[in-house]
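# Structural overview for review
Below are the chains, spelled out letter by letter.
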Amino acid sequence: MKISRRLLVAASLFAAATAFAQQPDPPGQVRPGEKPVNEAYLFAHMTHADYGRLYYSVSLDGLHWYRLNDGKRITDDYRGHPDIARGPDGTYYIAGNQSDASPVINIWSSRDLIEWKRYSDYTPDLKSTPGYSQALQRIGAPKIYFDEPSKQFVMTWHTPHLEGTPADAERYWASQRTLYVTSKDLKKFSAPPKRLLEWEMGTIDVFLRRAEGKYWAIVKDETYPTLDWVTGKTIRIASSDSLLGPYKDLSAPISPNFREAPMLIPSPNGEVWYLYYEQYPGVSYGLSVADKLSGPWYQISGYTFHSTWDKYSLPPKVRHGAMITISRKQYDALVEKFGIDKPAKDSVSTR
């Protein structure tokens, strides 16, 4: 009897501790009965086991993500770091390349996010970039952004100017600079490429957004962290009054060190920003939250695979990609086409 009482007390204490361990819910979700401003989300990504290929996961709340297509590729044609932009007529575009050493950027298009077709190719003359004639023949993670006010696309990527050495492998990454070209149709491009950011620091994985009356550049600070450069390998953000800069007021780190491949989405109620970033190489994802892009930002708990701490979750071993908002109709079409890897206890609709 004494043992049973002890076990009972222990079980009660454990239950109480578990209840107290429950974390507050993240902001930005809709209340029961409210209609979300942003109905659903698509995460186009690669995986740790199949790096550089295209996979899909989806979400209805921007926090909990589920694989589509039984975890198989969406298409065998695409290679690159997925990034999707929606053009003025509703067509979606995705940029990629066969490898960083390939001289060609490949662009695909889709009307429904289901079928992707090769749309165009672009070969930048990297050494013609003003003030950057020492550029190496490398093109990293091309990304596309459509600017509604100017009715033009901006395509960005990162290119280094120093090779790594056995004694200093990191100088290759610290020498990365973000370049860009513009286009009205993603078939003809401005020339020559230009540098997007004026800072003499390594930057990769840069993408642009317009919100809150400004343009924003979300960047990875690619300098290795040291006591002299404590911001290295973190996600930071800068702003500009103009699409092509100059970008200023570079923020303090939004993420911890050794994070990359940022992705930014608005919350379901449209009042909060969710900024995801990967702890590499393929370890986990972090999530920072703010109600303004200028911050302040804070991190929420998740991706731990402990239910009391997981306020957001992604499939295991997903890697770099892009998150975009989609309609509920598009979400349903994707789920119908590919099927969704979702626990039976969860409803497809969470609202």
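Above: the structure in question.
Because the structure is predicted, anything quoted here is derived from the model rather than measured.

### So, the overall build of the protein
The number of helices and strands found in the protein is three helices and 20 strands. In terms of principal-axis extent, the alpha carbons of the protein reach across some 85 × 50 × 40 Å. By residue count, 53% of the 351 residues in the protein fall in the buried class. Contacts spanning at least 24 positions in sequence make up 53% of the contacts within the protein whose residues lie at least 6 apart.

### Overview of helix H3 (residues 328–338)
Here H3 has its buried residues at Tyr331, Leu334, Val335 and Phe338. Across the axial projection of H3, the buried residues extend over an arc of 95°, all falling on one side. Facing away from the buried surface of H3 by more than 90 degrees, the exposed residues are Lys329 and Glu336. Contacts from the buried residues of H3 go to strand E1 (40–47), strand E2 (55–59), strand E3 (66–68), strand E19 (318–326) and strand E20 (340–341).

### Overview of the pattern of salt bridges
For side chains of opposite charge, pairing can occur when their charged atoms come near one another. Going through the model one piece at a time under the given rule, you end up with 20 salt bridges. One salt bridge connects Arg319 with Glu278, and the closest N-O pair in it is separated by 2.3 Å. Of this pair, Arg319 sits in strand E19 while Glu278 sits in strand E16 (residues 273–279), and the two are 41 residues apart along the sequence. As far as the burial class goes, Arg319 and Glu278 line up, both buried. Residues Asp332 and Arg328 are paired through a salt bridge, measuring 2.9 Å at the closest nitrogen-oxygen approach. One end of the pair, Asp332, and the other, Arg328, are both in helix H3, four residues apart, so they sit about a helical turn from each other.

### What to know about the sheet that holds strand E14 (residues 234–240)
Spatially, the three strands line up as an open sheet ordered E12-E13-E14, and their pairing is antiparallel. Of all the strands in the sheet, just strand E12 (203–211) and E14 have a single pairing partner and so form its edges. Taken over all neighbouring pairs, the strand axes of this sheet differ in orientation by 20° on average, direction set aside. Bridge count for E12 against strand E13 (residues 214–221) is seven bridges, and the pairing is antiparallel. Of the residues in E13, the one forming a bridge with Thr203 is Asp221.

### Let's talk about the packing of aromatic side chains
Each aromatic ring pair is summarised here by two numbers: the centre-to-centre distance and the angle between the ring planes. By the definition in use, this model includes 16 aromatic pairs. Taking the centre distance of 5.1 Å and the plane angle of 65° together, the rings of Tyr78 and Trp108 count as edge-to-face. Here Tyr78 is found in the loop between E3 and strand E4 (84–86), whereas its partner Trp108 is found in strand E6 (residues 105–110), with 30 residues between them in sequence. Trp108 carries the same exposure label as Tyr78, and that label is buried. Between the aromatic rings of Tyr172 and Trp173, the centroid separation amounts to 5.0 Å while the plane-to-plane angle is 90°, which identifies the pairing as edge-to-face.

### A look at unusual backbone geometry
Cis geometry marks the peptide bond from Tyr280 to Pro281; its omega dihedral reads 5°. Tracing the chain through its elements places Pro281 in the loop between E16 and strand E17 (284–290). Note that the residue after Gly295, namely Pro296, is joined by a cis bond; omega there is 5°. When you line up the elements, Pro296 lands in the loop between E17 and strand E18 (298–299). In the Ramachandran plot, Asn69 falls in the positive-phi region, its phi being about 60° despite a non-glycine side chain. Tracing the backbone through its elements, the reader meets Asn69 in the loop between E3 and E4.

### Remarks on the nonpolar core
Leu42, Tyr56, Ile84, Leu113, Trp116 and Leu334 are the most contacted members of the largest nonpolar core, which has 23 residues in total. Sorting the residues of this core by element identifies E1, E2, strand E5 (92–96), E19 and H3 as the ones contributing at least two each. The greatest single-element share of this core, amounting to four residues, is contributed by H3. Aside from chain neighbours lying at most four places away, what touches Ile84 is Leu42, Ala44, Tyr92, Tyr93, Ile94, Leu113, Trp116, Ala322 and Ile324. Within the second largest apolar cluster, 19 residues are counted, among which are Ile144, Phe153, Met155 and Leu186.

### Concerning the environment of Leu179
By the element assignment, Leu179 lies in strand E10 (residues 177–183). The class for Leu179 is buried, based on a relative accessible area of 0%. The spatial distance from the C-alpha of Leu179 to the C-alpha of Leu126 is 8.8 Å, given a sequence separation of 53 residues.

### Focus on the side chain of Thr234
The topology assignment puts Thr234 in strand E14. On the basis of relative accessible area, Thr234 is assigned to the buried category, the value being 1%. There is a polar contact of 2.6 Å between the side chain of Thr234 and the backbone oxygen of Thr231. Those residues in contact with Thr234, other than ones at most four positions away along the chain, are Val219, Lys220, Asp221, Pro253, Ser255, Pro256, Asn257 and Arg259.

### A word on the sheet that holds E17
Pairing within the open sheet is antiparallel, and its four strands lie in the order E15-E16-E17-E18. With partners counted over all chains shown, the strands left at the sheet margins are strand E15 (259–266) and E18, one partner each. Sheet analysis places E15 next to E16, joined by six bridges and oriented antiparallel. By the bridge assignment for E16, Met263 is matched with Tyr276.

The rules behind these values
- Residues numbered from 1 in each chain as written.
- Predicted model: local features only at pLDDT ≥ 70, side-chain atom pairs only at ≥ 80, totals over all residues.
- Heavy atoms only, no water.
- Helix = DSSP H or I, 4+ residues; strand = E, 2+ residues; numbered from the N terminus.
- Buried < 20%, exposed > 50% of the residue type's maximum accessible area, 1.4 Å probe, protein only.
- Contact = heavy atoms within 4.5 Å.
- Arc of directions from axis to C-beta.
- Salt bridge = Lys/Arg side-chain N within 4 Å of Asp/Glu carboxyl O.
- Pairing = 2+ DSSP bridges.
- Axes fitted to C-alpha atoms, helices over the stretch in contact; angles between N-to-C directions.
- Phe/Tyr/Trp six-rings, centres within 6.5 Å; stacked < 30°, edge-to-face > 60°.
- Core = buried A, V, L, I, M, F, W, Y, C linked by side-chain atoms within 4.5 Å.
- Polar contact = N/O pair within 3.5 Å; in protein donor to acceptor, adjacent residues only side chain to side chain.

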